[in-house]
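# Fold and geometry: a report
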Amino acid sequence: MVFDAEFEADPLRSGIVVGVDGSDQSICALTWAAREARRRRVPLHVVTAYTVPIFAASSMDAGYTAVDDAVIRDGARSVQEKALARISHDGLEVISRVETGDAAAVLLELSEDADLMVVGSRGRGGFVGRLLGSVSSALPAHAKCPTVIVPLRTAGRLPEAGVSAPAGSPVADDVHQAIVVGVDGSEHGRAASLVAAEQARSTGLPLRIVCALPPFSGSLAWVPAPLDVDALHAELMEQLNAGRNWLQSHFPDVEMSVELVDGPPAEIMVGRTANVELVVLGTRGRGGFAGMLLGSTSQSVLHHAKGPVMVVPDYDDPRLADRAKFGPMAEQ
């Protein structure tokens, strides 16, 4: 069932919002979002945004001339209708929206009421374009709800999308049925782990809690005594296990495991995107893992991901308050 939001007086109801522009990336995002909306049994809001370009006239005294808004709007609606024809609406409430304005601004405003935002890694430039420039960076960094970025390489595991995947993309048989969350001991990582655990519980999948330890380098040359790597690993594992026990107390029915991995955090997490259902990151962390969102690690993951990545914004969750009861924590 499809509704046109132009003729609906009600404001955006909670649900999943996906941006489409007709590109293969946005079709992958739409297909993934439709799957998720059907699973959650929530409305799917399919949004296309456009701006009306203004061109300077050739004569100085002619001023400016604008392109007919109706022509561009009809084109945007045509793009959306073709996208909608690609997804099955069985058991899915679909609400189509054509909005005027900058794509990033439109989606950020809609994120105020959405449960989840979904976009492709890049598009045609008119909507979901400029990977990690406007939309794909602004949305994870500033959205009021979690954002999922769906790269074109996901096409291999979404056969119903009808989109050709780049060579070497993972296919459904390559994907392990699991959710992975990256943590680094920060409050942002713990908040992300709560959202990841909720996703694991709702899908019935196990949750893998991963902490990547960057290689030691010359930056540690100032340390006055040799670094006891084994002791450091033992300390981190103690903190990870305490964190898992805390998370398990809030999600007793979710299968959980912890893993401490040596290696560059971005490289480790990009690798995980190829073989699990979803990788979840916080907006920022200590700098060693999820710090400087869309700067170092998180930007690298979003640039090179081979599967969907969810970025969880900062938020206050009362469940964070009792973490200290379960054992040692990294110093803030």
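Residues numbered from 1 in each chain as written. Predicted model: local features only at pLDDT ≥ 70, side-chain atom pairs only at ≥ 80, totals over all residues. Heavy atoms only, no water.

Quick look at helix α8 (residues 297-304) now. Within α8 the residues assigned to the buried category are Thr297, Ser298, Val301 and Leu302. All buried residues of α8 lie within an arc of 130° about the axis, which places them on one face of the element. (Buried < 20%, exposed > 50% of the residue type's maximum accessible area, 1.4 Å probe, protein only. Helix = DSSP H or I, 4+ residues; strand = E, 2+ residues; numbered from the N terminus. Arc of directions from axis to C-beta.)

The subject of this paragraph is the packing of helix α5 (residues 187-203) against helix α6 (residues 229-250). Direction vectors running N to C along α5 and α6 enclose 45°, while the axes themselves pass 11 Å from each other. Taken together, α5 and α6 sit at an angle that is classed as oblique. Handedness of the crossing formed by α5 with α6: right-handed. In this structure, α5 uses Arg190, Ser193, Leu194, Ala197 and Arg201 to contact α6, whose residues at the interface are Trp246, Leu247 and His250. Of the residues belonging to the contact of α5 with α6, the class tally is four nonpolar, two polar and two charged. (Axes fitted to C-alpha atoms, helices over the stretch in contact; angles between N-to-C directions. Parallel < 35°, antiparallel > 145°, perpendicular 65-115°, else oblique. Left-handed = near helix turned anticlockwise from the far one by under 90°. Contact = heavy atoms within 4.5 Å. Nonpolar A, V, L, I, M, F, W, Y, C, P; charged D, E, K, R; others polar.)

On to the environment of aspartate 184. Summarising the element assignment, aspartate 184 is placed in the loop between β9 (176-182) and α5. For aspartate 184, a relative accessible area of 14% translates into the label buried. A sequence separation of 56 residues divides aspartate 184 from leucine 240, and the C-alpha atoms of the two residues are 9.0 Å apart. Reaching out from aspartate 184, the side chain makes a polar contact with the side chain of serine 186 at a distance of 2.7 Å. (Polar contact = N/O pair within 3.5 Å; in protein donor to acceptor, adjacent residues only side chain to side chain.)

This part covers the pairing of β9. For a regular strand, the rule is simple: side chains alternate between the two faces of the sheet. With five of its seven residues buried, β9 lies for the most part within the structure. For β9 and strand β12 (residues 276-282), the ladder comprises four bridges, and the chain directions are parallel. Across the sheet, valine 180 pairs through a bridge with valine 279, a residue of β12. (Pairing = 2+ DSSP bridges.)

Before going further, it helps to examine α5. Taking 1.5 Å as the rise per residue, α5 with 17 residues should run 24 Å; its terminal C-alpha atoms sit 25 Å apart, in good agreement. Those residues of α5 lying buried are Gly189, Arg190, Ala191, Ala192, Ser193, Leu194, Val195, Ala196, Ala197, Gln199 and Ala200. Count one or two residues on from α5 and you reach glycine 204, which has phi positive near 75°. (Expected span 1.5 Å × (residues − 1).)

Taken as a whole, the second largest pocket spans an internal volume of roughly 320 Å³. In terms of lining residues, the second largest pocket is bounded by 16 residues, among which Trp32, Arg35, Glu36, Thr203 and Glu277 are the most central. Elements with a minimum of two residues in the lining of the second largest pocket: α1 (24-40), β9, α5 and β12. Among the elements that take part in the lining of the second largest pocket, α1 stands out by supplying four residues, more than any other. Grouping the amino acids of the lining of the second largest pocket by side-chain chemistry returns eight nonpolar, three polar and five charged. (1 Å grid on protein atoms, 1.4 Å probe; cavity = no way out; pocket = protein on both sides within 12 Å on 5 of 7 lines; lining within 4 Å. Points joined across faces, edges and corners; volume = space filled by probe spheres on them.)

Before going further, it helps to examine the nonpolar core. Taken as a class, soluble globular proteins show a tendency for nonpolar side chains to be buried jointly. Counting 56 residues, the largest nonpolar core has Val18, Leu44, Val118, Leu207, Leu247 and Val280 as the members making the most contacts within it. Looking at this core element by element, the count peaks at eight residues for α1. When near neighbours in sequence (up to four residues on either side) are disregarded, valine 18 contacts Ala29, Leu30, Ala33, Leu44, His45, Val46, Val47 and Val118. (Core = buried A, V, L, I, M, F, W, Y, C linked by side-chain atoms within 4.5 Å.)

What follows deals with the environment of arginine 272. Relative to the helices and strands, arginine 272 resides in helix α7 (residues 265-273). Note: C-alpha distance between arginine 272 and histidine 176 (96 residues apart in sequence) is 9.8 Å. Here the side chain of arginine 272 touches glutamate 259 through a polar contact of 3.0 Å, side chain to side chain.

Once that is clear, we can look at the side chain of serine 193. With respect to the helices, strands and loops of the structure, serine 193 is situated in helix α5. A relative accessible area of 4% means that serine 193 is categorised as buried. Filtering out sequence-adjacent residues up to four positions away, serine 193 remains in contact with Val181, Val183, Leu207, Trp246 and Leu247.

In this section: the confidence of the model for the protein. On average, residues of the protein score 81 in pLDDT, and 79% of them are at 70 or above. This model gives residues 6-11 a pLDDT under 50, and the stretch forms three contacts once residues within four places in sequence are excluded. Scored below 50 in pLDDT, residues 125-133 makes 34 contacts in the model with residues more than four places away or belonging to other chains. (pLDDT = per-residue confidence, 0-100.)

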